[in-house]
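Okay, here's what each chain looks like letter by letter:
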Amino acid sequence: MRQVIVTLIICALAATTILSGLTMAKTASSASGSVEDWTKEVLDLEKAGVCTKDSWTHIWNDPDGAHKDFPAKHLSRAEVKKDGVEVTIPWRFAEGRSYPKAGAPNHYMQYVYLKDESNNILAIQKFEHSDTAFPWVFPSSNFQGAKTLTPYSIDCIHGVWKGDSITLNSDL
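In this text, all values refer to a predicted model and were calculated from it rather than measured experimentally. Here, residues in each chain are numbered from 1, in the same order as that chain's written sequence. Only residues with pLDDT of at least 70 get local features here, since the model is predicted, and only at 80 or more are side-chain atom pairs given and counted; chain-wide, interface and lining totals rely on the full set of residues. Based on all heavy atoms of the structure, the side-chain values leave hydrogens and waters out of the count.

1. Let's talk about the side chain of Lys115
1) Next: Its location among the elements puts Lys115 in strand β5 (residues 107–115).
2) Next: Residue contacts are defined here by distance: any two heavy atoms, one from each residue, within 4.5 Å place the two residues in contact. Ignoring anything within four residues of it in the chain, the contact list for Lys115 reads Leu43, Glu46, Asn120, Ile121, Thr148, Leu149, Thr150 and Tyr152. The helix and strand labels rest on DSSP assignments: H or I over at least four residues marks a helix, E over at least two residues marks a strand, and numbering proceeds from the N terminus.

2. Points about the sheet that holds strand β2 (residues 77–81)
1) Next: Spatially, the three strands line up as an open sheet ordered β2-β3-β7, and their pairing is antiparallel. Strands at the two margins of the open sheet, each flanked by one partner only, are β2 and β7 (136–138). Strand after strand, the sheet turns through a mean of 30° between neighbouring axes, direction not considered.
2) Next: Paired strands, in this sense, are two strands between which DSSP finds at least two bridges. Where β2 lies against strand β3 (residues 84–88), five bridges are found, and the strand directions are antiparallel. Residue Glu79 lies in a different strand from β3, and its bridge partner there is Glu86. Orientation is described by lines fitted to C-alpha atoms, with helices fitted over the stretch in contact, and by angles between N-to-C directions that extend from 0 to 180 degrees.

3. Here's the deal with the nonpolar core
1) Next: Residues Val85, Val112, Leu114, Phe138, Phe143 and Leu149 are the most contacted members of the largest nonpolar core, which totals 20 residues.
2) Next: Among the elements of the structure, β3, β5 and β7 are those that each provide at least two residues to this core.
3) Next: Among residues more than four places away in sequence, those in contact with Leu114 are Ala78, Val85, Val87, Asn120, Ile121, Leu122, Ala123, Phe138, Phe143, Leu149, Thr150 and Pro151.
4) Next: With ten residues, the next largest nonpolar core counts Trp38, Val42, Ile124 and Val160 among its residues. Each nonpolar core is a collection of buried residues, namely Ala, Val, Leu, Ile, Met, Phe, Trp, Tyr and Cys, held together in the definition by side-chain atoms within 4.5 Å. Buried means the residue's accessible area, taken with a 1.4 Å probe over protein chains only, is under 20% of the maximum for its type, while exposed means over 50%, and partly exposed covers the values in between.

4. A look at unusual backbone geometry
1) Next: For Asn119, which is not glycine, the phi torsion reads 70° and is therefore positive.
2) Next: For Asn119, the position within the fold is in the loop between β5 and β6 (121–126).
3) Next: On the accessibility criterion, Asn119 (47% relative accessible area) is partly exposed.

Put into structure tokens, the structure is as follows:
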């Protein structure tokens, strides 16, 4: 009987992980909460506005000053890999950098997520500042039937950022 209960618990945990889209490769998160809670939170944050590479000066009013590279530090990028769809923020690894952490205690990337062409969130992950967040890989099973994916990231200070969409092929 005990072995049956243990087996059922293991199966339930595995099913929860697969269904929630939180199967990970190369990275881990210590953030608490459920996918449903995270989704509600990001949709509420989007109501305050979404920054893009062409529209972000409303949150930083000196676009030619010290932070003229502001979009590069916040825009996420999605790329299809053999084990899923990888989301990263390119500046963290540009020019010889290797900065995989979500950030500092008072300023970090709180979420990454992917939306399809119908604006549905198909994959989401929340981070704590000390988590190894980048690159993050969402499993391919999350995206069956999707034609495009758009990556988003949320900086706990500078809000929601929308990256460029990618087109998926049928191999995913």
